Amino acid sequence: MNARAELPFDTCLQEALSLSGGWMARWVAQLGAALSQQEVLTPTSQGKRGQAQARAALAACSERLAQRWHATFTDAVRADIAREGRAASGSRSSAQKMLSLHDLELMDHGQVQASVELARLHQVIKLAVDDDLIVLTALLSAAQGLRSVRPEANPLRPEVVVESLTTALVQLNVDDASRQRWFHAGAVALGQALKGFYGGLIQRLELQGVQPAGFVVVPVTVPRGVAAANRGAAAIANEADGQPLVLTLDHLHQLLVGNLAHSGSGVSDQGTSGSGNAMVRTLAGEVVAQMLRSIADDRRLLEPVRDLVLQLKPALLHLAKTDPRFFADRNNPARRLLEVITARGLAFSSEQDTGFADFALQVQLTVQSLQTPSAGLPERFAERMRRLASFGPPEDGTAMQTLVRVEQRHLLAERVASEIRSRPDFARAPALVRRFLVGPWAQVIAHARLHVEMLGDAPLLAELPSEQDAPALRYMDILGDLLWSCQLSQASQNRPRLIRVIPLVLRTLREGLDTIDFPRAQAESIFQMLMGLHEAAYKTHRSEDFINSSLRRSSDAPREPWLHGSEASASGFIDTQLIEPDFLDTVPMSAELQVAETLSVGAWVELQQAQQSQRCQLRWASPHRTMFLFATADGRPVSLTRHGMDRLTALGRLRVVAEQGVVDEALAAVARLAWVNSGKLG
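What counts and what doesn't
Residues numbered from 1 in each chain as written. Predicted model: local features only at pLDDT ≥ 70, side-chain atom pairs only at ≥ 80, totals over all residues. Heavy atoms only, no water. Salt bridge = Lys/Arg side-chain N within 4 Å of Asp/Glu carboxyl O. Helix = DSSP H or I, 4+ residues; strand = E, 2+ residues; numbered from the N terminus. Buried < 20%, exposed > 50% of the residue type's maximum accessible area, 1.4 Å probe, protein only. Contact = heavy atoms within 4.5 Å. Lys, Arg positive; Asp, Glu negative; His and termini not counted. Axes fitted to C-alpha atoms, helices over the stretch in contact; angles between N-to-C directions. Parallel < 35°, antiparallel > 145°, perpendicular 65-115°, else oblique. Left-handed = near helix turned anticlockwise from the far one by under 90°. Pairing = 2+ DSSP bridges. Core = buried A, V, L, I, M, F, W, Y, C linked by side-chain atoms within 4.5 Å. Phe/Tyr/Trp six-rings, centres within 6.5 Å; stacked < 30°, edge-to-face > 60°. Polar contact = N/O pair within 3.5 Å; in protein donor to acceptor, adjacent residues only side chain to side chain.

**A closer look at the pattern of salt bridges**
Part 1 of the argument: Per the counting criterion, the structure on display carries 25 salt bridges.
Part 2 of the argument: Between Arg335 and Glu339 there is a salt bridge, and its shortest N-O distance comes to 3.0 Å. Of this pair, Arg335 and Glu339 are both found in helix α13 (residues 333–345), 4 residues apart, which corresponds to roughly one turn of the helix.
Part 3 of the argument: Notably, a salt bridge pairs Arg615 with Glu606, separated by 3.3 Å at the nearest N-O pair.
Part 4 of the argument: The exposure class assigned to Glu606 is buried, which follows from its relative accessible area of 16%.
Part 5 of the argument: Through salt bridges with shared partners, a single ionic network connects Arg330, Arg335, Glu339 and Asp664.

**Some points on unusual backbone geometry**
Part 1 of the argument: Phi is positive for Asp517, close to 55°, though the residue is something other than glycine.
Part 2 of the argument: Within the element layout of this structure, Asp517 appears in the loop between α22 (495–515) and α23 (520–538).
Part 3 of the argument: The backbone phi angle of Arg625 is positive, close to 55°, even though this residue is not glycine.
Part 4 of the argument: Locating Arg625 in the fold gives a position in the loop between β2 (612–621) and β3 (627–631).
Part 5 of the argument: Classification of Arg625 by relative accessible area gives partly exposed; the value is 25%.

**Focus on the environment of Val162**
Part 1 of the argument: Among the structural elements, Val162 can be located in helix α6 (residues 158–171).
Part 2 of the argument: Separated by 37 residues in the primary sequence, Val162 and Ile125 place their C-alpha atoms 9.5 Å from one another.
Part 3 of the argument: Setting aside its immediate chain neighbours within four residues, Val162 contacts Leu118, Leu121, His122 and Ile125.

**So, the side chain of Arg306**
Part 1 of the argument: If you trace the backbone, Arg306 turns up in helix α11 (residues 303–310).
Part 2 of the argument: Comment: no salt bridge for buried Arg306; closest opposite-charge side chain is Glu303, at 4.7 Å.

**A few points about the packing of helix α2 (residues 45–82) against α6**
Part 1 of the argument: Put simply, α2 and α6 touch, their axes get as near as 8 Å, and they point 130° apart. With respect to α6, the element α2 is oriented oblique. Classified by chirality, the crossing of α6 by α2 is right-handed. On α6, the residues that touch Leu65, Arg68, Trp69, Thr72, Phe73, Ala76 and Val77 of α2 are Val160, Val161, Ser164, Leu165, Thr167, Ala168, Leu169 and Gln171.

**Some remarks on the sheet that holds strand β1 (residues 604–609)**
Part 1 of the argument: Ordered by their spatial adjacency, 5 strands build an open sheet running β4-β3-β2-β1-β5, and the pairing between neighbours is antiparallel. Strands at the two margins of the open sheet, each flanked by one partner only, are β4 (637–641) and β5 (654–658). Here the strands of the sheet are splayed against their neighbours by 40° on average, with no regard to which way each runs.
Part 2 of the argument: In the packing of helix α16 (residues 397–421) onto the sheet, contacts are made with β2, β3 and β4, and the angle to β3 comes to roughly 165°.

**Remarks on the nonpolar core**
For soluble globular proteins, the rule of thumb is that nonpolar side chains tend to be buried together.
Part 1 of the argument: Of all hydrophobic cores here, the largest spans 63 residues; its most connected members are Leu316 and Phe381.
Part 2 of the argument: The dominant element in this core, judged by the number of residues it contributes, is helix α10 (residues 278–296), at 10 residues.
Part 3 of the argument: Leave out the neighbours within four places in its chain, and Phe381 touches Ala315, Leu316, Leu319, Pro333, Ala334, Leu337 and Leu370.
Part 4 of the argument: Among the nonpolar cores identified, the runner-up in size contains 53 residues, and Cys12, Ala128, Val129 and Val210 belong to it.

**A word on the packing of aromatic side chains**
Part 1 of the argument: Counted by the stated rule, this structure contains 11 aromatic pairs.
Part 2 of the argument: Taking 5.5 Å as the distance between ring centres and 85° as the angle between the ring planes, the aromatic pair formed by Trp23 and Trp69 counts as edge-to-face. In this pair, Trp23 sits in helix α1 (residues 3–41) while Trp69 sits in helix α2, placing the two residues 46 residues apart along the sequence.
Part 3 of the argument: Judged by its relative accessible area of 0%, Trp69 falls in the buried class.
Part 4 of the argument: With 5.7 Å between their ring centres and 75° between their planes, Phe326 and Phe327 make a pair best called edge-to-face.
Part 5 of the argument: Assessed through its relative accessible area of 1%, Phe327 is described here as buried.
Part 6 of the argument: Grouping aromatic residues by their ring pairs yields a cluster made of Trp23, Trp27, Trp69, Phe197 and Tyr198.

**Concerning the side chain of Gln144**
Part 1 of the argument: Inspection of the secondary structure assignment puts Gln144 in the loop between α5 (109–143) and α6.
Part 2 of the argument: At a separation of 2.7 Å, a polar atom in the side chain of Gln144 contacts the main-chain carbonyl oxygen of Ala153.

Set out below in structure tokens:
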């Protein structure tokens, strides 16, 4: 974005940060008054004591709270801007951080209630500011030069405000009970304060002549079977006492821990199979219905796959009656079956993809075998899960072992490069020579050292021919003559030595590069550079062309693992450096998104090569995360270096399709829905 486009945006944010301190201090004062009022209206003595404690806690830190909140809000906004509008991990709401069934299961009742109170705070604020937030986001998007509205382009969104408030409370060591009462008493006032804050910013942007960005209309088509799933969910919702069920965090938590005593229904289930508890069955059925609905809406899966998953609904609902918490157990055969189907389904972006027809047929047979509910249904789930899991490409151990060896050599090459840099004559060499020595030549020496290690015991080394007795030593010993011959001021004063060492140096370099299958074209460019330097030294003059070219690149460029031709073939290696200029002019591309740092095994990516795209699953990452092994739907290996992944991401040739399993995301959506419902009912 250019500076002219950023001007109204920067001005607005400066004013926003300046104004926010005032309304935050006013809200803290309003909160004190609200707590006093609630203390008077609370009927029980225990409740009055709690309100009094919350009011006293606020009085003790009210001034510091306003200042700390303003500071954390300012930091959060600036961090969000520095990330150029991308949703910041530090500005996600606390609710989103806890949207996991596993985390919810580990929470106690008090933590659940704190989450419910936080959900209520978000809902109250949302109702108060929704209209103004839409307008402000459209104006801020336009002020940044965006043609369409991007919600994450608004660093002043309510999630950032609430998260900065909770961060400030943590820093001030405010106890949980007081925090919950503050959120409850101050929710309405905070919503009104934000509404006024947004309204003032809207007026300022409109006075500057900013026109709101447009909204992108995305057509939504409902896949076959979703309507039926919705009808099924509605039927389940009316199962208990004829009343619609609204799934809340409290309900979900009690279902997961196996005790519904706190739900207000007066019933409990300690997890015994077939208890017949109506509330348990209803809650479990609602979770299953919502989970399947989320999967049915997931466009990353082809429509036939989504339809087949929906056809499992009767069997899953029947299973929920006897094992109501099966979806929370990662080892449960029914959940694992869903994970296998959806994970394999992510491999295909078209029904015409190779292998899709066979995969769909296997899933269809699996679904048909589970259509009739019976007492042996859990055993049938286990059997079909094992059978479906066995269908598919085997793990490629050869590719994995190859990449382990590649990383081992790469790490050794890094140590060799450090040894070379420590030489006193290294710093005086031309930059391109230094790059060559700590790059390809370090790989040559590392390969030679590993080769000696793989030969085994020392007696075997004595049987080698004398000229190959210790190639790694010869490759290191040649550095003295090589570095001397490239220093024109010294080499030009001793022509006899220069004439004597040049043939040996070049012959040894060529021999070493051949051992790692270094490309001939790149090798020749290196030899041309060296011979140019040697010629300049022999003729006792400095060649400006070679001097300038040798100084234009630094020697601190990131180095990537080197693969021999056979290693690249065995692991399906994609050399992303081929999309850049040759060795002399290569500048490693820095990717904005460091996808390789965060991608976990099991994630799916879409890779574009030669105008074609294919989906691959990450099967393995090397211990030091320098090499990554993927597999296509038909089991072919695809490997990339860490820099290669980031380079392709920056070029738009690699995108993450799914960072975690579809079932995990569907269950997270259930928890998120329960969180929203809790806020609405609070």
